[in-house]
Amino acid sequence: MNRLKLAILISGRGSNMEALLKAAEDAAFPAQPVLVLSNRPDAKGLETAANAGVPVLAIDHKLYGKDREAFEREMDKALSDAGVELIALAGFMRVLTPWFVTRWQGRMINIHPSLLPKYKGLDTHQRALDAGDTEVGCTVHWVSAGVDEGEIIAQAAIPILPGDTAESLADRLLPEEHKLYPRALALACERVRG
Ligand code: GRF
């Protein structure tokens with residue numbers, strides 16, 4: 001089986017990236033990481049990926065000032081040069097322009113720490129606590145023009161327990177994200193192959 005060439009885009013810690021790299025160590029996994037790209041040169045995840053033998057690249061968005069498209073054109077070139085067929089956003093903290101999203105439509109997925117369509121954007125766990133929810137969760141979805149709005153691929157949830165804070169929920173949810181993302185990525189690969 002030809003594995004789809006995968007790029008993982010990060011901005012920081014990269015623990016979801018690491019979960020994807022681990023899953024892809026299995027030759028039967030349908031995607032092969034060919035590039036880990038960060039918009040922050042100091043992202044810890046870059047080191048993790050390099051240690052795992054995956055090509056890494058930092059494209060510092062700050063060098064492009066307000067010109068988001070110029071930054072994205074650089075990313076797009078690096079992705080095309082690496083032959084990337086599918087992008088997984090994993091804690092990538094830049095909002096992408098319609099130009100980039102349209103270019104990668106149907107070939108880009110994201111993990112978001114809420115049970116979408118609830119709590120798009122930031123501070124998801126605090127907002128769930130404030131609303132008196134009984135659970136929080138994470139969603140892997142296709143990326144479309146609206147932020148955190150694309151079609152849902154898969155979700156996982158955990159209960160909110162007495163005494164939980166946004167931090168404790170984030171800590172307890174993270175292992176679920178790490179299980180969900182490889183599974184959802186495999187489903188996304190099926191769709192890309194058609
Ligand atoms: C995760 O909680 C993910 O859901 C969100 O950003 C966080 C990234 O963490 N999009 P990491 O960099 O994967 O450790």
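Up top is the structure.
J.: Where do I start with the overall build of the protein chain in this structure?
T.: Assigned secondary structure in the protein chain consists of 6 helices and 7 strands. Each helix (α) and strand (β) of the protein chain, taken in turn from the N terminus, gives the series β-α-β-α-β-α-β-α-β-α-β-β-α. For 194 residues, the compact-globule estimate of 2.2 N^0.38 gives 16 Å, and the C-alpha radius of gyration of the protein chain, at 16 Å, lies within 12% of that figure. Reported as C-alpha extents along the three principal axes, the dimensions of the protein chain are approximately 50 × 40 × 35 Å. Residues counted as buried form 48% of the 194 residues belonging to the protein chain. For the protein chain, the exposed surface amounts to about 9,500 Å²; the carbon and sulfur share of it is 52%. Positive and negative charge centroids in the protein chain, built from 22 and 26 side chains respectively, lie 3 Å apart.

J.: Looking at this structure, how should I read the pattern of salt bridges?
T.: Oppositely charged side chains can pair when the atoms bearing their charge come close. For the structure on display, the rule yields 10 salt bridges. Between K22 and E18 there is a salt bridge whose closest N-O contact spans 3.6 Å. Here K22 pairs with E18, and both are found in helix α1 (residues 15-23), just 4 residues apart, close to one helical turn. Measuring nitrogen to oxygen at the nearest pair gives 3.4 Å for the salt bridge that ties K179 to E176. Of this pair, K179 and E176 both sit in helix α6 (residues 166-193), 3 residues apart, which is roughly one turn of that helix.

J.: Can you walk me through the layout of surface pockets in this structure?
T.: Take a probe with the size of a water molecule and roll it over the atoms, and the empty space left behind shows itself. In this structure, the largest pocket encloses a volume near 960 Å³. Along its surface, the largest pocket is lined by 36 residues, and G91, F92, M93, I111 and P113 are the ones closest to its centre. Those elements giving two or more residues to the lining of the largest pocket turn out to be α1, β5 (108-112), α5 (124-130) and α6. No other element matches the 4 residues that α6 contributes to the lining of the largest pocket.

Cut-offs used in this document
Residues numbered from 1 in each chain as written. Predicted model: local features only at pLDDT ≥ 70, side-chain atom pairs only at ≥ 80, totals over all residues. Heavy atoms only, no water. Helix = DSSP H or I, 4+ residues; strand = E, 2+ residues; numbered from the N terminus. Rg over C-alpha atoms; globule rule 2.2 N^0.38 Å. Buried < 20%, exposed > 50% of the residue type's maximum accessible area, 1.4 Å probe, protein only. Areas by Shrake-Rupley, 256 points an atom, 1.4 Å probe, with all protein chains shown as cover. Lys, Arg positive; Asp, Glu negative; His and termini not counted. Charge placed at Lys NZ, Arg CZ, Asp CG, Glu CD. Salt bridge = Lys/Arg side-chain N within 4 Å of Asp/Glu carboxyl O. 1 Å grid on protein atoms, 1.4 Å probe; cavity = no way out; pocket = protein on both sides within 12 Å on 5 of 7 lines; lining within 4 Å. Points joined across faces, edges and corners; volume = space filled by probe spheres on them.

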